[in-house]
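# Fold and contact review
Chain by chain, the residues:
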Amino acid sequence: MRHSLENSNASSNPTIHELNPSRRELLQGGLGTALAALLGPLAGCAATPTATPSGGAPLLGFSSVPPSEADTVTVPPGYRAQVLTAWGEPVGIAGMAMPPWREDASASAAEQALQFGMHHDGMQFLPLQPDGRRGLLVTNHEYTDEGLLHPDGPEPWTAEKVAKSQAAHGLSVAEIELRGDGWRLVRPSRFARRITARTPCAVGGPAAGHSLLRTAADPQGRRVLGTFANCAMGRTPWGTVLSGEENFAFHFDAGPNPDAHQKRWGLPAQGFTRWAAHDERFDAVKHPNEANRFGWIVELDPADPTSPPVKRTALGRAAHEGAWVALTRDGRAVVYSGEDARFEYLYKFVSRDRVQPARDGRSAAQANRELLDHGTLYVARFDADGRGRWLPLVHGQGPLTAANGFADQGEVLVKTRQACDLLGATKLDRPEWLAIHPATGEVFCSLTNNTERGKAGKPGPDPANPRVNNAMGQVLRWREDGDFDGETFAWRHLLLAGDPANARAEARGNVQGDAFGCPDGLCFDPRGVLWIQTDMSAGVMRQGEFARLGNNQMLACDVGTGEVRRFLTGPVNCEITGATFAPDGRTLFVNIQHPGEPPGDISDPADINRFSRWPFGGRPRSATVVVRREDGGVIGS
Ligand code: FEO
Ligand code: CA
Ligand code: CA
Ligand code: CA
């Protein structure tokens, strides 16, 4: 969608190394270097950013790569990029078959459910041993191109094609290790697992069991089949990952007469996939509550293959891009999350309770099993004076009352957008990823673009979204007042993206260094370099205002000086996304999503190689790439 079987082999619950922090590490901020590198800002916001944190060496030490239109991955001199795994490779679930990739896409739905899904997006590496040379790689599979997925394309849709499409969504958990010749999958692995659009998921938090979540198939409203449209991914200090259910709405058929709630959430009359034709729960006329069971942040404990994914309703329902965690000085979790849709919102959740350490044979993940079910959700308002405020989404406060259509906190959380509309929160230019500076606690958020800004009947520019017809996007930065739970903050722009040679002022940007458009993925590496990944759509790439920017790319930013330097360029019509670093900073994992994507879905199987043959000369395949330095050094230094 353009913006667009689980196994249970583990008999014990191992811990993910360095993600199982002791009380001292978590609650007093006395962090080991490795832990700090992994978990980022655990100790509140205080310090000032430094451009040269170690020995005066510049933060960015590599040679910039030029914009590229080649059908390949390019990295700077002295670096090497290699494909680790791709759509359709078996994940290696212990005790199950390992159906190999088939170039004609003839894998069955059951086989696809044992293989990596399609269109990799957010990803996290979680080390399993102290040296970080073995770990779990957890990957989201955001959407499917049905023309690539089936030998004969999507038409005519069948029950088997719907099942395969659903099996190509969700998450993959794979075990990987660094051997002498590079990173390799460990197959079979007792950790390896697929989560699909049919995997049973639990529901936690105030909306669990709510009447708006109950369906004929699940009268208790506590057991949802599947997660899908999983976009970005964050990890928690207690060893779990958080996956955002983003463009869930487009799989539902709301029919010709959607109600106000369905309209506000953009459910189409007919879904962009035809799941509803063969899986009745996606018929939103017959089953209007089914859509309320998606759009959540899903928490998964990858170290326990028997644990169900849990939808954390206290974090609100949205077209969630993903979720990223910080800790207050007293050890409460603060979860930031954006909603990637035009004129939607930016959220922050503050947990009621403190993060608990692993104890008495329970892993940290198990000790914090309900941490994200209790707390306060806020939405951001960016004011004109560089100040901002977090507005609480609490039933009974302000306009969030029964008289305004919110019976209880569960309804506030299911109808988060409607609640934010009433609160007067800032309607943003598609907030995508967030990243939290590991030393300073400053928070960054990419707003990818919004070409509707300023159009007739749409909101005009505002301080945080200053450009009409915003084709290029911007990155916001802010510091919370006091600690991460502060209800006010000071904000500014890190940059406005865009080619400085553009004639239209609103598309020029102010990037210092290498220009780019449409920031999307963000992450900090262990040294505090902000990595920015781009998602220019296939419909605009290499044309008009994007003519000089080449294919999508990944850049490094020194947030102290503002300098941006291009590090990697991707194959034709891909998106670059999902960056995650090994804790030593010497391996970067990156996802190449939808190489060869045409403007519009690939629906004609004859079109599959019109733009790309990446990675292996045949059918284009989303894939995970490993980037290392030839001398084994720290990436980017
Ligand atoms: Fe799935 Fe907003 O990117
Ligand atoms: Ca994407
Ligand atoms: Ca994205
Ligand atoms: Ca995007």
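Reading the values: rules and limits
- Residues numbered from 1 in each chain as written.
- Chains lettered and ligands numbered in written order.
- Predicted model: local features only at pLDDT ≥ 70, side-chain atom pairs only at ≥ 80, totals over all residues.
- Heavy atoms only, no water.
- Donors = N, O, S within 2.8 Å, 3.2 Å for Na, K, Ca; no water.
- Helix = DSSP H or I, 4+ residues; strand = E, 2+ residues; numbered from the N terminus.
- Buried < 20%, exposed > 50% of the residue type's maximum accessible area, 1.4 Å probe, protein only.
- Contact = heavy atoms within 4.5 Å.
- Disulfide = S-S within 2.5 Å.

### Digging into the coordination of the calcium ion (ligand 3)
- Taken together, the protein donors to the calcium ion (ligand 3) comprise Glu-321 (OE), Glu-432 (OE), Asp-520 (OD) and Asp-520 (OD), at separations of 2.3 to 2.4 Å.
- Between the calcium ion (ligand 3) and the calcium ion (ligand 2) the interatomic distance comes to 4.2 Å. Taken together, the positions of Glu-321 in the loop between β12 (310-312) and β13 (324-327) and Asp-520 in strand β25 (residues 519-524) put the pair 199 residues apart, joining distant regions of the chain.
- Looking at Asp-520, the relative accessible area reads 0%, which means it is buried.

### Points about the coordination of the calcium ion (ligand 2)
- Donor atoms from the polypeptide that coordinate the calcium ion (ligand 2) comprise Asp-121 (OD), Glu-142 (OE), Glu-575 (OE), Glu-575 (OE) and Gln-593 (OE1), at 2.4 to 3.1 Å from the metal.
- For the calcium ion (ligand 2), the donor residues sit on a single chain with the sequence spacing D-x20-E-x432-E-x17-Q.

### Considerations on the environment of Thr-72
- Turning to its location among the elements, Thr-72 is positioned in the loop between α2 (33-39) and β1 (79-86).
- In this structure, the C-alpha to C-alpha distance between Thr-72 and Ser-612, residues 540 residues apart in sequence, is 9.0 Å.
- Residues contacting Thr-72, with those up to four places away along its chain left out, are Thr-569, Gly-570, Pro-571 and Trp-614.

### Let's talk about helix α5 (residues 159-167)
- Burial analysis of α5 places 7 of its 9 residues in the buried class, which makes it a mostly covered element.
- In this structure, the buried side of α5 is in contact with α3 (109-112), α4 (146-149), β6 (193-195) and α7 (275-278).

### Focus on the state of the cysteines
- A full pass over the atoms with the stated rule returns 0 disulfides.
- Cys-445 takes part in no disulfide bond, and the closest cysteine sulfur to it belongs to Cys-231, at a distance of 13 Å.
- By relative accessible area, which is 0% here, Cys-445 ends up buried.
- Cys-574 forms no disulfide, and the closest cysteine sulfur to it belongs to Cys-518, at a distance of 13 Å.

### Here's the deal with helix α10 (residues 416-423)
- Turning to α10, its buried residues number three or more, namely Thr-416, Arg-417, Gln-418, Ala-419 and Cys-420.
- For α10, the secondary structure elements touched by its buried residues are α6 (260-264), β15 (342-344), β16 (346-354), β17 (375-382) and α9 (409-414).

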